[in-house]
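Breakdown of the fold
Spelled out from the first residue to the last, the chains are:
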Amino acid sequence: MADSRLDIDAIRHEFPAIANRGDAAPVFFDNPAGTQVPRRVIDRINHALIEDNANLGGYFDTSQRAVAQAQEAHKAMGDLFNANDWHEVIFGQNMTTLTFSMSRAIGRTLKEGDEILLTRMDHDANVAPWLMLAEDKGLVVRWIDFDPEAFEFDLTQLDDVITDRLKVAAIGYASNVTGTIHDVKAITKAAKAVGALVYVDAVQFAPHGVIDVQDLGCDILVCSAYKFYGPHHGVLWGRRDVLDRLEAYKVRASSTIPPGKFETGTTNRESLAGVLGAIEHFEWIGTTFGNASNAATRRERFVAGMHAVDAHERVLTARLIEGLQSFPKLKIQGLTEKQALSRRVPTVSFTYEGTDPADICKAMARKNISLWHGHNYGIEPTTRLGLMDKGGVVRVGLAQYNTAEEVDRFIRSFGEWTTAAG
């Protein structure tokens, strides 16, 4: 059974896309690409559009409320990251756009022959911007590789890929293909030892685990709100001294200090309000089902909520993996041992011998089960696994509102499909 502290019916009631459809609700296993949103997000967005809809900087009440709401969203994400200062939080269109923008600002500090470190496990949003920068600036690219049977980095290779010419290390927190959680702290320590700047993609990790940038020791970390039950928006944290010294690509009239210097144009403030609502949703879980009191700090409430969700998701992940392993022709492309669940997020990818992953997803869609297939923008890991020319993988992603019954329904439906397909 899932963790008893988490009342799954109460959780599902908070999500209108699920609660309002009753038994007709799809099985949302497409979560690694984007989650459904709880009512607190919708309420916050509606309130921002109705009550606080004005540009920032005016003396009138609506503008003043808009300023306060935008600042509160920055502060809430600062608490999620465990930032020192809410000015270290930058909002943008999405993680990809933020990374392209920030990589160009960082690129201004680099010269030909400098080295950047990338990994074979990352989403292309944390690969392509750096490869293009390397081409523009004549940089040397080094790679952290992984064993396609072990699905984890061998960190003994760091001595071979980290040199005193390393200037930037761009690494992922968790893979959106294999689900592996990487030892970001160890890689960061090795890169910082030679003076490199460390840029972390936490998009796949943020919905499932507690982020503490102080503990990680990285310089910049970026994630996507729509992966942790918020609106379609990207969020970046940067160490204040790093943000202060980087020169932003911006219009002359905008602020010269963060976050304004990096938030180009007019921010989508209704989305900022929605991000605040997503944090408040986790706070509600933390005080209702976790061990946090209403008198706790926002971060303490959020962390308690995340721990309760993580416990629930781990039980479901074990159930899903066990069910998938019952099919002899199926191979899970990721960690499967029960003792390894703490080293993966509930993003489970698999291949089925002799079958195009798209055909499986089409069949499950007819059963009202939402899945993803292909490389899922994880070009490097899919290539390393030898699957780019085979249609990639079928990807099943669990979230806080998923149930054991949904996992069983998927396994049963998949079994029926394999029987019918022969």
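Residues numbered from 1 in each chain as written. Predicted model: local features only at pLDDT ≥ 70, side-chain atom pairs only at ≥ 80, totals over all residues. Heavy atoms only, no water.

Within a beta sheet, neighbouring strands are joined by backbone hydrogen bonds and run either parallel or antiparallel to one another. Here four strands make up an open sheet; going across it, the order is E9-E10-E13-E12 and the pairing antiparallel. Strands with a single pairing partner mark the edges of an open sheet, and in this sheet they are strand E9 (330-332) and strand E12 (372-374). Geometrically, the sheet is characterised by an average inter-axis angle of 30° between neighbouring strands, direction not taken into account. Bridge count for strand E10 (residues 347-352) against strand E13 (residues 393-397) is four bridges, and the pairing is antiparallel. (Pairing = 2+ DSSP bridges. Helix = DSSP H or I, 4+ residues; strand = E, 2+ residues; numbered from the N terminus. Axes fitted to C-alpha atoms, helices over the stretch in contact; angles between N-to-C directions.)

Bringing the nonpolar core into the picture now. Ile11, Met77, Phe81, Tyr173, Ile211, Leu221 and Phe228 are the most contacted members of the largest nonpolar core, which has 73 residues in total. Residue contributions to this core peak at eight residues, all from helix H11 (residues 269-288). Discounting residues that sit within four places of it in the chain, isoleucine 11 has contacts with Leu6, Trp284, Ile285, Phe289, Gln400 and Tyr401. (Core = buried A, V, L, I, M, F, W, Y, C linked by side-chain atoms within 4.5 Å. Buried < 20%, exposed > 50% of the residue type's maximum accessible area, 1.4 Å probe, protein only. Contact = heavy atoms within 4.5 Å.)

Before going further, it helps to examine the UniProt feature "domain: Aminotransferase class V" (unreviewed entry) in the protein chain. UniProt tags residues 27-410 as "domain: Aminotransferase class V" (unreviewed entry). With 39% helix and 15% strand, residues 27-410 has its two end C-alpha atoms placed 8 Å apart. (UniProt positions renumbered as here; feature names shortened; annotations may be inferred.)

Among the structural elements, histidine 74 can be located in helix H4 (residues 61-81). Given the relative accessible area of 4%, histidine 74 is considered buried. A polar side-chain atom of histidine 74 sits 2.7 Å from the main-chain carbonyl oxygen of alanine 70. (Polar contact = N/O pair within 3.5 Å; in protein donor to acceptor, adjacent residues only side chain to side chain.)

Let's shift gears to the packing of aromatic side chains. This structure, assessed with the given rule, holds 15 aromatic pairs. Ring centres 4.8 Å apart and planes at 70° place the aromatic pair phenylalanine 15 and tyrosine 401 in the edge-to-face group. Here phenylalanine 15, found in the loop between helix H1 (8-13) and helix H2 (16-19), pairs with tyrosine 401, found in the loop between E13 and helix H15 (404-421); they are 386 residues apart in sequence, far enough to count as distant. The residues phenylalanine 15 and tyrosine 401 share a single accessibility class, namely buried. With a centroid separation of 6.1 Å and an interplanar angle of 85°, the aromatic rings of phenylalanine 29 and phenylalanine 410 are classed as edge-to-face. Residue phenylalanine 29 is located in the loop between strand E1 (27-28) and helix H3 (39-50), and its partner phenylalanine 410 is located in helix H15; the two are separated by 381 residues in the primary sequence. The same class applies to phenylalanine 29 and to phenylalanine 410, which are both buried. Put simply, the rings of Phe29, Phe327, Phe350, Tyr352, Phe410, Phe414 and Trp417 touch in pairs and so form one group of aromatic residues. A cation over a ring is seen here: arginine 120 above tryptophan 143, with NZ or CZ 3.7 Å from the ring centre. (Phe/Tyr/Trp six-rings, centres within 6.5 Å; stacked < 30°, edge-to-face > 60°. Lys NZ or Arg CZ within 6 Å of the ring centre and 35° of its normal.)

This structure, assessed with the given rule, holds one cavity of 30 Å³ or more. The wall of the largest cavity is formed by Asn31, Pro32, Thr35, Val203, Gln204, Pro207, His208 and Lys227. Class assignment for the residues of the lining of the largest cavity results in three nonpolar, four polar and one charged. (1 Å grid on protein atoms, 1.4 Å probe; cavity = no way out; pocket = protein on both sides within 12 Å on 5 of 7 lines; lining within 4 Å. Points joined across faces, edges and corners; volume = space filled by probe spheres on them. Nonpolar A, V, L, I, M, F, W, Y, C, P; charged D, E, K, R; others polar.)

Here is the idea: a disulfide is a covalent bond, and it sits between the sulfur atoms of two cysteines. All told, the structure shown has zero disulfides when counted by the stated rule. Looking at the unpaired cysteine 218, the closest cysteine sulfur is the one in cysteine 223, lying at 11 Å. Using a relative accessible area of 0% as the deciding quantity, one classes cysteine 218 as buried. The class of cysteine 223 is buried, set by a relative accessible area of 0%. (Disulfide = S-S within 2.5 Å.)

Another point: the sheet that holds strand E7 (residues 220-224). The strand order E2-E8-E7-E6-E5-E3-E4 describes an open sheet built from seven strands, whose pairing is mixed. The sheet is open, and its two borders are formed by strand E2 (89-92) and strand E4 (140-144), each paired with just one other strand. The mean angle between the axes of side-by-side strands here comes to 20°, regardless of whether they run parallel or antiparallel. In this structure, E7 lies alongside strand E8 (residues 234-238), joined through five bridges in antiparallel fashion. Bridge assignment links valine 222 to a residue of E8, and that residue is leucine 236.

Take the packing of H4 against helix H12 (residues 298-324) next. Direction vectors running N to C along H4 and H12 enclose 55°, while the axes themselves pass 9 Å from each other. Between H4 and H12, the interaxial angle falls into the category oblique. H12 is crossed by H4, and the crossing has right-handed handedness. Taking contact as the criterion, the partners of Glu72, Lys75, Ala76, Asp79, Leu80 and Phe81 in H4 are, on H12, Arg298, Arg299 and Phe302. Looking at the contact of H4 with H12, its residues break down into four nonpolar, no polar and five charged. (Parallel < 35°, antiparallel > 145°, perpendicular 65-115°, else oblique. Left-handed = near helix turned anticlockwise from the far one by under 90°.)

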